[in-house]
Amino acid sequence: AYWDTNRSLEALYNVPVFTSKVYSGYVAYAEVMKEILPPEQEPRIAPVGIAYLTIWEENYEFWRQRLFHHDNVHASPYGTFLQGCIVHHTIFGRLP
């Protein structure tokens, strides 16, 4: 899809709405997968979007300046680290 040079998540939707729609999609997908997979492979959702939303709500400047690459769409090293910590916790039940 084409975006102009001022692209950002807020250009798509406002952040809470965008996060809610993405999370709802993940939940729907997990419910379908749960019906297909054996019980020992029940899908888990790593709540990365919820973490980003929490930071957006509590420390907008950090969210804007630190979590995204200069294109304001892709994760920065800080954002990637946050994502990795959340995925690790979702899999292993503890932080790395």
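Now for a look at the structure at hand. Small disclaimer: the values here were computed from a predicted structure and weren't measured.

1. Considering the overall build of the protein
Helix and strand counts for the protein come out as 5 helices and 0 strands. Going residue by residue from the N terminus, the α and β elements of the protein occur as α-α-α-α-α. For the protein, the residues scored as buried account for 20% of the 96 residues in total. Contacts spanning at least 24 positions in sequence make up 47% of the contacts within the protein whose residues lie at least 6 apart. In the structure as shown, the protein presents an accessible area of about 7200 Å², 58% of it carried by carbon and sulfur atoms.

2. So, the packing of aromatic side chains
Under the criterion given, the structure shown has 4 aromatic pairs. Ring geometry for F62 against Y78: centres 6.4 Å apart, planes inclined by 70°, an arrangement best described as edge-to-face. With a gap of 16 residues between them, F62 in helix α4 (residues 60-66) and Y78 in helix α5 (residues 77-92) connect regions that are remote in the sequence. Accessibility expressed as a relative area gives 32% for F62, which makes it partly exposed. With 5.0 Å between their ring centres and 75° between their planes, W63 and F68 make a pair best called edge-to-face. Residue W63 shares its accessibility class with F68, and that shared class is buried. Taken together through their ring pairs, the aromatic side chains of Y52, Y60, W63 and F68 make up a single cluster.

3. Examining helix α3 (residues 48-58)
Those residues of α3 that fall on the buried side of the exposure criterion are V48, A51, Y52 and L53. Those residues of α3 that are buried are in contact with α2 (15-36), α4 and α5.

4. Describing the side chain of D71
By secondary structure assignment, the location of D71 is in the loop between α4 and α5. Residue D71 is classed as buried on the basis of its relative accessible area of 14%. Of the polar contacts made by the side chain of D71, one reaches the backbone nitrogen of V73; its length is 2.9 Å. A distance of 2.4 Å separates polar atoms of two side chains, one belonging to D71 and the other to H74.

5. A short note on a nonpolar patch on the surface
On the surface, a cluster of nonpolar side chains totalling about 340 Å² of accessible area is made up of V22, Y23, Y26 and I50. Counting residues per element, the nonpolar patch draws most heavily on α2, which supplies 3 residues. Along the polypeptide, Y23 turns up in helix α2.

Each value, and the rule that gives it
Counting restarts for each chain: residues are numbered from 1 in the order of the written sequence. With the structure being a predicted model, the display of local features is reserved for residues of pLDDT at least 70 and the display and counting of side-chain atom pairs for 80 or more, all residues being used for whole-chain, interface and lining totals. Computation of side-chain values: all heavy atoms of the structure, hydrogens and water removed. Each helix is a run of H or I in the DSSP string that is no shorter than four residues. Each strand is a run of E no shorter than two, and both are numbered from the N terminus. Remark: exposure states derive from per-residue accessible area (1.4 Å probe, protein chains only) relative to the maximum for the residue type, with buried under 20%, exposed over 50%, and partly exposed in between. Note on definitions: a residue-residue contact is assigned when non-hydrogen atoms from the two residues lie within 4.5 Å. To be clear on the numbers: accessible area is Shrake-Rupley with a 1.4 Å probe, and residue cover counts the displayed protein chains and nothing else. For Phe, Tyr and Trp, where Trp contributes only its six-membered ring, two rings pair if their centres lie within 6.5 Å, and the inter-plane angle classes them as stacked under 30 degrees, edge-to-face over 60, or tilted in between. What qualifies as a polar contact is a pair of N or O atoms within 3.5 Å, subject to a donor-acceptor requirement within protein and to the restriction that residues adjacent in sequence count only when both atoms come from side chains. Each patch is built from salt-bridge-free residues with over 30% relative accessible area, joining like charges within 9 Å and nonpolar side chains (Val, Leu, Ile, Met, Phe, Trp, Tyr) within 5 Å. We count a salt bridge whenever a side-chain nitrogen from Lys or Arg sits within 4 Å of a carboxyl oxygen from Asp or Glu.

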